[in-house]
Amino acid sequence: IIITPDEFKRVSEAAREDGRAPDEIRPLKIEAGILERADGSSYLELGGNKILVAVYGPREAQIKRLQRPDRAVIRCRYNMAPFSVEERKRPGPDRRSVEISKITAEALRPALILEKFPRSVIDVFIEVLEAEGGTRCAGITAASVALADAGMPMKDMVVACAAGKVNGRIVLDLSEEEDKRGEADIPVAILPRNKEITLLQSDGNLTQEEFEEALDLAIKGCLKINKIQKEALKRKYGE
Ligand code: ADP
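Scope of this entry: the structure provided in the associated data block.

The rules behind these values
Residues numbered from 1 in each chain as written. Predicted model: local features only at pLDDT ≥ 70, side-chain atom pairs only at ≥ 80, totals over all residues. Heavy atoms only, no water. Near = heavy atom within 4 Å. Polar contact = N/O pair within 3.5 Å; in protein donor to acceptor, adjacent residues only side chain to side chain. Areas by Shrake-Rupley, 256 points an atom, 1.4 Å probe, with all protein chains shown as cover. 1 Å grid on protein atoms, 1.4 Å probe; cavity = no way out; pocket = protein on both sides within 12 Å on 5 of 7 lines; lining within 4 Å. Sits in = over half its atoms within 2 Å of the grid points. Helix = DSSP H or I, 4+ residues; strand = E, 2+ residues; numbered from the N terminus. Axes fitted to C-alpha atoms, helices over the stretch in contact; angles between N-to-C directions. Parallel < 35°, antiparallel > 145°, perpendicular 65-115°, else oblique. Left-handed = near helix turned anticlockwise from the far one by under 90°. Contact = heavy atoms within 4.5 Å. Nonpolar A, V, L, I, M, F, W, Y, C, P; charged D, E, K, R; others polar. Points joined across faces, edges and corners; volume = space filled by probe spheres on them. Salt bridge = Lys/Arg side-chain N within 4 Å of Asp/Glu carboxyl O. Buried < 20%, exposed > 50% of the residue type's maximum accessible area, 1.4 Å probe, protein only. Phe/Tyr/Trp six-rings, centres within 6.5 Å; stacked < 30°, edge-to-face > 60°. Pairing = 2+ DSSP bridges. Patch = residues over 30% accessible without salt bridge, like charges linked within 9 Å, V, L, I, M, F, W, Y side chains within 5 Å. Lys, Arg positive; Asp, Glu negative; His and termini not counted. Charge placed at Lys NZ, Arg CZ, Asp CG, Glu CD.

**Some details on the site of the ligand**
In the vicinity of the ligand, the residues found are Met-80, Val-85, Arg-96, Ala-131, Glu-132, Gly-133, Gly-134, Thr-135, Arg-136, Glu-176 and Asp-179. In this structure, Asp-179 approaches the ligand through a side-chain N or O atom, which is 3.4 Å from an oxygen atom. When the free accessible area of the ligand is taken as 530 Å², the share hidden by the protein chains comes to 73%. The site holding the ligand turns out to be the largest pocket. Secondary-structure elements contributing two or more residues to the shell around the ligand are helix H3 (135-149) and helix H4 (176-181).

Here is the structure:
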């Protein structure tokens, strides 16, 4: 194939390091219900991310001070395996994982019909086996599938995706490399049906126009990912 220098310039500027278009997510695979012992579970691969989620509950909260008389409480634990990153990660919670656990519970909560289970607790365990950028979003996406697999009554799924700015351009679903080199990154979670935003964080600097473009793109990414969530549940449970 022969291309002109102009075409070459256009194609090489358009491509990202891994060859993706600006609005393209990494290859994504989701499976529902893969653990025997948990009430609900899921496994997700997004590019180089590998994430396992287990859900327990709703069940009666053993710890009295956790109980709410009128609804269930959701607890999340986001954890990175020691072997999930380039250099061995020190096991156990750190500031980052405590933050991600908290925002994950907040992102999932609006989708759940918690009033059905007074005095109960729902535990969501997110285990990052391999990390390659965007694990908080991938964890939320996978957790929502695991909650559905557990039979938790939900108003909608929750789906998350980040967009950001790399080399002056707004792009979808940043890889770890892009996250490191990039200028900004906004993780977004939504309820896809009414597009209610349940997570919006921002790391780096964007102008208002860039922010709006990134938010739009992240929502488009969420809607693509939501299709794959639904397919995973259909594969497990039929229509
Ligand atoms: P997210 O995974 O949601 O993008 P961050 O922006 O904090 O969260 O992290 C970006 C990426 O940096 C992670 O996905 C992971 O690949 C890598 N990373 C995070 N924590 C560590 C760590 N302790 N050691 C090495 N790499 C890490």
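That was the structure; now back to the text.
**Topic: the packing of helix H2 (residues 95-108) against H3**
Where H2 contacts H3, the axes come no closer than 10 Å and their chain directions differ by 45°. The angle between H2 and H3 places the two elements in the oblique class. Our pair here, H2 against H3, has a crossing hand that is right-handed. On H3, the residues that touch Arg-96, Glu-99, Ile-100, Ile-103, Thr-104, Ala-107 and Leu-108 of H2 are Thr-135, Arg-136, Ile-140, Ala-143, Ser-144 and Leu-147. Partitioned by chemical class, the residues of the contact of H2 with H3 number seven nonpolar, three polar and three charged.

**Points about empty space enclosed by the protein**
Using the criterion set out here, one finds one cavity of 30 Å³ or more in the structure. In this model, the largest cavity occupies a volume close to 30 Å³. Around the largest cavity, the lining residues are Leu-28, Leu-44, Leu-46, Ala-138, Thr-141, Ala-160 and Ile-225. Secondary-structure elements contributing two or more residues to the lining of the largest cavity are strand E2 (40-46) and H3. The residue makeup of the lining of the largest cavity, split by class, is six nonpolar, one polar and no charged.

**Concerning the pattern of salt bridges**
Once the charged atoms of two side chains with opposite charge are near each other, the side chains can pair. Following the criterion strictly, the structure yields 19 salt bridges and no others. Put simply, Arg-26 and Asp-173 hold a salt bridge, and the shortest N to O gap is 2.8 Å. Taken together, the positions of Arg-26 in the loop between helix H1 (5-14) and strand E1 (28-32) and Asp-173 in the loop between strand E7 (169-172) and H4 put the pair 147 residues apart, joining distant regions of the chain. For Asp-173, a relative accessible area of 4% gives the class buried. Among the ionic pairs, Glu-127 bridges to Arg-77, the shortest N-O distance being 2.7 Å. With Glu-127 in strand E5 (residues 120-130) and Arg-77 in strand E4 (residues 73-80), this residue pair connects regions lying 50 residues apart in the sequence.

**Overview of the packing of aromatic side chains**
On inspection of all chains with the given rule, the structure shows one aromatic pair. Residues Tyr-56 and Phe-125 carry aromatic rings whose centres are separated by 6.1 Å and whose planes lie at 80° to one another, so their mutual orientation is edge-to-face. Of the two residues, Tyr-56 is situated in strand E3 (residues 49-60) and Phe-125 in strand E5; the sequence distance between them amounts to 69 residues. You can call Tyr-56 partly exposed: its relative accessible area is 28%. You can call Phe-125 partly exposed: its relative accessible area is 25%.

**Topic: the side chain of Thr-104**
Note that Thr-104 resides in helix H2. Those residues in contact with Thr-104, other than ones at most four positions away along the chain, are Cys-76, Ile-126 and Ile-140.

**Here we look at the layout of surface pockets**
Roughly 570 Å³ of internal volume is contained in the largest pocket. Along the walls of the largest pocket sit 29 residues, with Arg-96, Gly-133, Gly-134, Arg-136 and Asp-179 positioned nearest its centre. Mapped by element, the contributors of at least two residues to the lining of the largest pocket are H2, H3, strand E6 (159-166), H4 and strand E8 (184-191). What the second largest pocket holds in volume is close to 210 Å³.

**Brief notes about the pairing of strand E9 (residues 196-200)**
Two strands pair when backbone bridges link them, and E8 and E9 are joined in this way by four bridges, in the antiparallel orientation. In the strand pairing of E9, Ile-190 is matched with Ile-197. Count of turn residues in the E8/E9 antiparallel hairpin: four residues, of which Lys-195 carries a positive phi of about 60°.

**Focus: a positive patch on the surface**
Taken together, the side chains of Lys-220, Lys-224, Lys-227, Lys-230 and Lys-234 present a region of like positive charge at the surface. Examined against the element boundaries, Lys-230 turns out to sit in helix H5 (residues 208-237). Judged by relative accessible area, Lys-230 falls into the partly exposed class, the value being 42%.

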